Amino acid sequence: MAAPGAAAAAAAASHLLCRRSLGVVTLLQCAQRTFASQTSGELKVTHVLKEKFPQATTIKVTDISGGCGAMYEIHIESEEFKDKRTVQQHQMVNKALKEEIKSMHGLRIFTSVPKS
């Protein structure tokens, strides 16, 4: 059985805040995530990228802010990047996510062309 103060401490901890550009959410909300599922932010970014890069063979979006939606890591492999420098590829991704980026703190982008 947990100590009487443990329940109160757990309740207090659930009210700690995780700040991000769109507002404030509880730390508990940030931490509630399973690796088998994507967060709503990951799903939204993935959807936008699939629309903007229909030839993509791989799109992987990971919320690296612990589920808060403040920072994402994106891996995308597409023929659309062929004959483009890395900086041009990243500019294409930034342009595709122009609206979503407004609510992010940071973004890591990894692009590649499928190997033939």
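Refer to the structure presented above.
Quick caveat: nothing in here was measured; it's all calculated off a predicted structure. (Residues numbered from 1 in each chain as written. Predicted model: local features only at pLDDT ≥ 70, side-chain atom pairs only at ≥ 80, totals over all residues. Heavy atoms only, no water.)

**Description of helix α3 (residues 40–52)**
Rules: The helix count covers DSSP runs of H or I at least four residues long, the strand count covers runs of E at least two residues long, and both are numbered beginning at the N terminus. One fewer than the residue count of a helix, multiplied by 1.5 Å, yields its expected span. Contact criterion: two residues are considered in contact whenever any of their non-hydrogen atoms come within 4.5 Å of each other.
With 13 residues, α3 extends 18 Å between its outermost C-alpha atoms, agreeing within 8% with the 18 Å of an ideal straight helix rising 1.5 Å per residue. In this structure, the buried residues of α3 make contact with β3 (56–63), β4 (71–78), α4 (86–96) and α5 (98–101).

**Comments concerning the packing of aromatic side chains**
Formally: The criterion for an aromatic pair is that two Phe, Tyr or Trp rings (for Trp, the six-membered ring) have centres within 6.5 Å, with stacked assigned to planes under 30 degrees apart, edge-to-face to planes over 60 apart and tilted to the rest. The buried label goes to any residue with under 20% of its type's maximum accessible area, the exposed label to any with over 50%, and the partly exposed label to all in between, with areas taken from a 1.4 Å probe on protein chains only.
What the rule picks out here adds up to one aromatic pair. Aromatic side chains Phe53 and Phe81 sit 5.4 Å apart centroid to centroid with 50° between the ring planes, which places their arrangement in the tilted category. Taken together, the residues Phe53 in the loop between α3 and β3 and Phe81 in the loop between β4 and α4 connect sequence positions 28 residues apart. Judged by its relative accessible area of 0%, Phe81 falls in the buried class.

**Thoughts on the nonpolar core**
The condition is simple: The criterion is simple. A nonpolar core is a set of buried Ala, Val, Leu, Ile, Met, Phe, Trp, Tyr and Cys residues joined through side-chain atoms within 4.5 Å.
Membership of the largest hydrophobic core comes to 14 residues, with the highest contact counts inside it found for Val45, Leu49, Phe53, Ile74, Val93 and Leu97. Contributions of two or more residues to this core are made by α3, β4 and α4. The residues contacting Phe53, other than those within four sequence positions of it, are Ile76, Ser78, Glu80, Phe81, Met92, Val93 and Ala96.

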